[in-house]
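Single-letter residue listing:
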Amino acid sequence: MKRRQFFSLLAASAAGLMTLSPRLWADDDENNSTSSSLFAIPGNTGITGHVVIVGGGMAGATLAKYLRLWGGTHMNVTLVEKSAAYTSNIMSNLVLNGQKSLGELDYSHDVLSDHYGVTRKNAEVTAINAASKSVSLADGSVLNYDRLVLAPGLDFDLLPGMNSLSEYDTHIPHAWKAGPQTQLLRDQLLAMPAGGTVVMTIPKAPYRCPPGPYERACIMADWLKANKPGSKVIVLDANADIIVEKDNFLIAFNQTHAGVIDYRPACTLTHIDSISRTVVFTQNGANQQLAAHVLNPIPPQRAPRLLADAGLLNSPDGHFAVVNVLSYESTRTPGIHIIGDASHTTQPKAGHVANQQAKICADAILRLQSGQQPDPAPVTSSACYSPITASTATWLSGVYQYDSASASMVLSKLSASTGATRSNYSDMHTWFGTLMQDTFA
Ligand SMILES: Cc1cc2nc3c(=O)[nH]c(=O)nc-3n(C[C@H](O)[C@H](O)[C@H](O)COP(=O)(O)OP(=O)(O)OC[C@H]3O[C@@H](n4cnc5c(N)ncnc54)[C@H](O)[C@@H]3O)c2cc1C
């Protein structure tokens, strides 16, 4: 493939157009053998280097794939992921009403190594040494890099009154990372009595997946109406109001699930007892206490300790890593890029956005490795579907464009569905399948 042709495809791909034409590379380059549903990797594009990626979730898996797909066989990519497989958070609220199993949300990284030629290490990265351009792994090995990309997702804070993070694993699952806690929350809903009380809490923004907690309240309310009549879902939101898709969620709370969802804004948690499942909070200056049969506290979130130890967390609250959104390179440490939920940008912390950021980052790294500058006008998009019942959903989408005056991604278009419909619910599964295929296949 000619170099000029390659870079024009690169630009189109970074805008997300590549996903519309899965056979593009395969049809163009007959020298590469590939299965008909996978992209073919170009040979030597003239771009070289070694990129180490930490975390094979929505951001890291996409980046690994696209660095090889656009960079070719001389771009060495190593993906370090501590889990054997990835469990999708997206759609994990549907485990709570029995529409999905956790197994259905598992995604393998095999195609990244077997087809795209990514080197994989199933290990945890324990330290970053920017001076020597290396990372240390829990198995004692050290990996050197030309560029490091951190895509490790989030860590969760303790809430007031808690002594250990293990309380989330055993008594009060947050289930804000899909896995055993999601199953525990499902089991607790199955075991609670009819007429019982579920209390969920929402942290102050920014948190992962802005509509996710409201969506979860709806899914649980819908299931409880049919399976545990007379039950309630009390939502204690630390934010002053519903922070996203307000019109749709007001209809859901006040009409669709009227009498079941009790939404209370501006609540400050002061104490949680995980054994008695009791919550103490203040609202409008008044102290209140609630006891729950099922307590689902969604904790405040921050980038993992690994980044804090490396001095990368320079957002105003010190919880996330500020990046140059032309390349996702840390504004603190050159040569280290941060994508996905761990980064601090104006875009929401969402899987669709993590996938988009990974493509912008891949494009920028390849340009930088070939002595060019990153694309000066990147565009990203975000789409999110929220199931409101077992057969209806709403949606929200946003387009972000680079604004050179503020050096940030600015929301240029925001659209939302009008209420929840069955056709949105069907589109949701198509959107999810396409996003996961673009990330893991
Ligand atoms: C209930 C729920 C519903 C959601 N619904 C949507 C939705 O509808 N649409 C949407 O766009 N987003 C949704 N999200 C948000 C989405 O899941 C996240 O924004 C997205 O997963 C972030 O991607 P990431 O790559 O930054 O992190 P993750 O996907 O969490 O991946 C991080 C990976 O890094 C690995 N890792 C971490 N530390 C290390 C280390 N030190 N060494 C090696 N590996 C490490 C982890 O094991 C993990 O595999 C939802 C989230 C939740 C909780």
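This structure is a prediction, so every number in the text was calculated from the model and none was measured.

**Focus on the sheet that holds strand β24 (residues 393-403)**
Sheet strands pair via backbone hydrogen bonds, and the direction of the pair is either parallel or antiparallel. An order of β23-β24-β25 is seen for the three strands of this open sheet, with the pairing classed as antiparallel. Whereas interior strands pair on both sides, the edge strands pair on one side only; in this sheet they are β23 (379-387) and β25 (408-416). Strand-to-strand, the axes of this sheet are offset by a mean angle of 20°, without reference to chain direction. Across eight bridges, β24 lies against β25 in antiparallel orientation.

**Topic: the site of the ligand**
Close to the ligand lie 35 residues, the nearest being Ala-59, Glu-81, Tyr-86, Arg-208 and His-352. Within the contact set of the ligand, an oxygen atom lies 2.9 Å away from a backbone nitrogen or oxygen of Ala-59. Within the backbone of Asp-341, one N or O atom sits 2.9 Å away from an oxygen atom of the ligand. Among the secondary structure elements, those contributing two or more residues to the shell around the ligand are α3 (58-71), α11 (351-369) and β23.

**A few points about the sheet that holds strand β11 (residues 197-202)**
An order of β13-β12-β11-β17 is seen for the four strands of this open sheet, with the pairing classed as parallel. The outermost strands of the open sheet, each flanked by one partner alone, are β13 (261-264) and β17 (294-297). Averaged over all neighbouring strand pairs, the angle between strand axes comes to 15°, with direction disregarded. When strand β12 (residues 232-237) meets β13, the two strands line up parallel, connected through four bridges. In the strand pairing of β13, Leu-236 is matched with Arg-264.

**A short note on the domain arrangement of the chain**
How big an interface is tends to be stated in terms of the accessible area lost upon association of its parts. Splitting the chain by domain gives domain 1 (3-154 + 303-374) and domain 2 (158-300). Distance between the C-alpha centres of domain 1 and domain 2: 33 Å. The junction of domain 1 with domain 2 conceals about 1600 Å² of combined surface from both sides, 61% of it contributed by carbon and sulfur atoms. Our count for the contact surface shared by domain 1 and domain 2 stands at one salt bridge. Residues Asp-341 and Arg-208 are paired through a salt bridge, measuring 2.6 Å at the closest nitrogen-oxygen approach. At the boundary of domain 1 with domain 2, the tally comes to seven residue pairs in polar contact (both at pLDDT 80 or more). Among the elements that make up the side of domain 1 that touches domain 2, the one with the highest residue count is helix α4 (residues 93-96) (four residues). Taken together, the residues of the side of domain 1 that touches domain 2 break down into seven nonpolar, eight polar and two charged.

**Some points on helix α12 (residues 422-440)**
Between the first and last C-alpha of α12 there are 27 Å, a value that for 19 residues agrees with the 27 Å anticipated at 1.5 Å per step. Those residues of α12 that fall on the buried side of the exposure criterion are Asn-424, Tyr-425, Met-428, Trp-431, Phe-432, Leu-435, Met-436, Asp-438, Thr-439 and Phe-440. The buried side chains of α12 occupy one side of the element, clustering within an arc of 165° when seen end-on. Residues of α12 that are exposed and angled more than 90 degrees away from the buried face: Arg-422 and Thr-430.

**A few points about the packing of α3 against α12**
Helix-helix packing is described using two parameters, namely the angle between the two axes and the distance between the axes. In contact at an axis separation of 7 Å, α3 and α12 are set at 55° when each is read in the N-to-C sense. Taken together, the axes of α3 and α12 lie oblique to each other. Contacts between α3 and α12 pair Met-58, Ala-61, Thr-62, Lys-65 and Tyr-66 from the former with Leu-435, Met-436, Gln-437, Asp-438, Thr-439 and Phe-440 from the latter. Per-class residue counts for the contact of α3 with α12 are six nonpolar, three polar and two charged.

Each value, and the rule that gives it
Residues numbered from 1 in each chain as written. Predicted model: local features only at pLDDT ≥ 70, side-chain atom pairs only at ≥ 80, totals over all residues. Heavy atoms only, no water. Pairing = 2+ DSSP bridges. Helix = DSSP H or I, 4+ residues; strand = E, 2+ residues; numbered from the N terminus. Axes fitted to C-alpha atoms, helices over the stretch in contact; angles between N-to-C directions. Near = heavy atom within 4 Å. Polar contact = N/O pair within 3.5 Å; in protein donor to acceptor, adjacent residues only side chain to side chain. Domains from an automatic or database assignment. Buried area = accessible area lost by both parts, 1.4 Å probe. Salt bridge = Lys/Arg side-chain N within 4 Å of Asp/Glu carboxyl O. Nonpolar A, V, L, I, M, F, W, Y, C, P; charged D, E, K, R; others polar. Expected span 1.5 Å × (residues − 1). Buried < 20%, exposed > 50% of the residue type's maximum accessible area, 1.4 Å probe, protein only. Arc of directions from axis to C-beta. Parallel < 35°, antiparallel > 145°, perpendicular 65-115°, else oblique. Contact = heavy atoms within 4.5 Å.

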